[in-house]
Amino acid sequence: MSNTAKRWVLMSVLSLAAFAQASASSITFPFNTVHSGATPGGPAPWATMTITNITGGVQISLTNSATNPSGQFIGELNLLFNVLPTGFASGPYVQTINLGNYIDAGLSFNVEVRFKVAPPTARLLPGNTSTFQLFGVSTANFVGANNSAMVHIQNIQPGGDSGKIIAPEPGSLIAIGTGLVSLLGLRRRRK
């Protein structure tokens, strides 16, 4: 295959991946990379988030992995959209949702979801899921690149430390990319 053809195929793959994310009705993020602080107990991913298009906005479901140690909880979720959501509807475990630009651990965000920390039974503990809505945005507005989503996991043992965990790439893009690379490899083998 000529260099020009290879470039064309690469650009096509990248364009398809970008289009797939922009048109996706649902995006899943595994939180599996420590950005700062302590490493949570249990195997990664320590949390999983799904963003789904709904009428007038998106629904976000955040799950604290059931394999995390007892007592380890999610205290905060930070998100970055390319437009500011116009409103929200709170859900279980949510204490407050703040809309506006801010920086946390050196990263920029514009949605801050704080979860209940007291009493301990109100926390987003292992195996629990919190679902809430943001209005005026869609999955196409979610930045979706590295560092566009971060959770703050607290009560990491020993010592009750905390860590800020990022989701480096949406799972749907990784799956698309892996599939396309595999197809290109098969095509090359046949020649």
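In case you missed it, the structure is sitting above this.
It should be emphasised that the depicted structure is a prediction, and the values quoted were computed from it without experimental measurement.

Engineer: When you look at the sheet that holds strand E11 (residues 161-166) in this model, what are you seeing that I'm missing?
Structural biologist: Strand pairing in a sheet takes place through backbone hydrogen bonds and is either antiparallel or parallel in direction. If you walk across this open sheet you meet the six strands as E2-E11-E10-E5-E8-E7, and the pairing is antiparallel. Strands with a single pairing partner mark the edges of an open sheet, and in this sheet they are strand E2 (33-37) and strand E7 (94-104). Geometrically, the sheet is characterised by an average inter-axis angle of 25° between neighbouring strands, direction not taken into account. The pairing of E2 with E11 spans four bridges and is classified as antiparallel. Residue pairing in the sheet places Ser36 in a bridge with Lys164 of E11.

Engineer: I'm lost on the environment of Gly100 in this one. Help?
Structural biologist: Structurally, Gly100 can be placed in strand E7. For Gly100 and Leu84, which are 16 residues apart along the polypeptide, the C-alpha to C-alpha distance reads 7.1 Å. Those residues in contact with Gly100, other than ones at most four positions away along the chain, are Leu84, Phe109, Asn110 and Val111.

Engineer: Even after reading the chapter, I still don't get the side chain of Gln72, so can you show me in this structure?
Structural biologist: Along the chain, the position of Gln72 falls in the loop between strand E4 (57-64) and strand E5 (73-79). Its relative accessible area of 1% is what places Gln72 among the buried residues.

Cut-offs and rules
- Residues numbered from 1 in each chain as written.
- Predicted model: local features only at pLDDT ≥ 70, side-chain atom pairs only at ≥ 80, totals over all residues.
- Heavy atoms only, no water.
- Pairing = 2+ DSSP bridges.
- Helix = DSSP H or I, 4+ residues; strand = E, 2+ residues; numbered from the N terminus.
- Axes fitted to C-alpha atoms, helices over the stretch in contact; angles between N-to-C directions.
- Contact = heavy atoms within 4.5 Å.
- Buried < 20%, exposed > 50% of the residue type's maximum accessible area, 1.4 Å probe, protein only.

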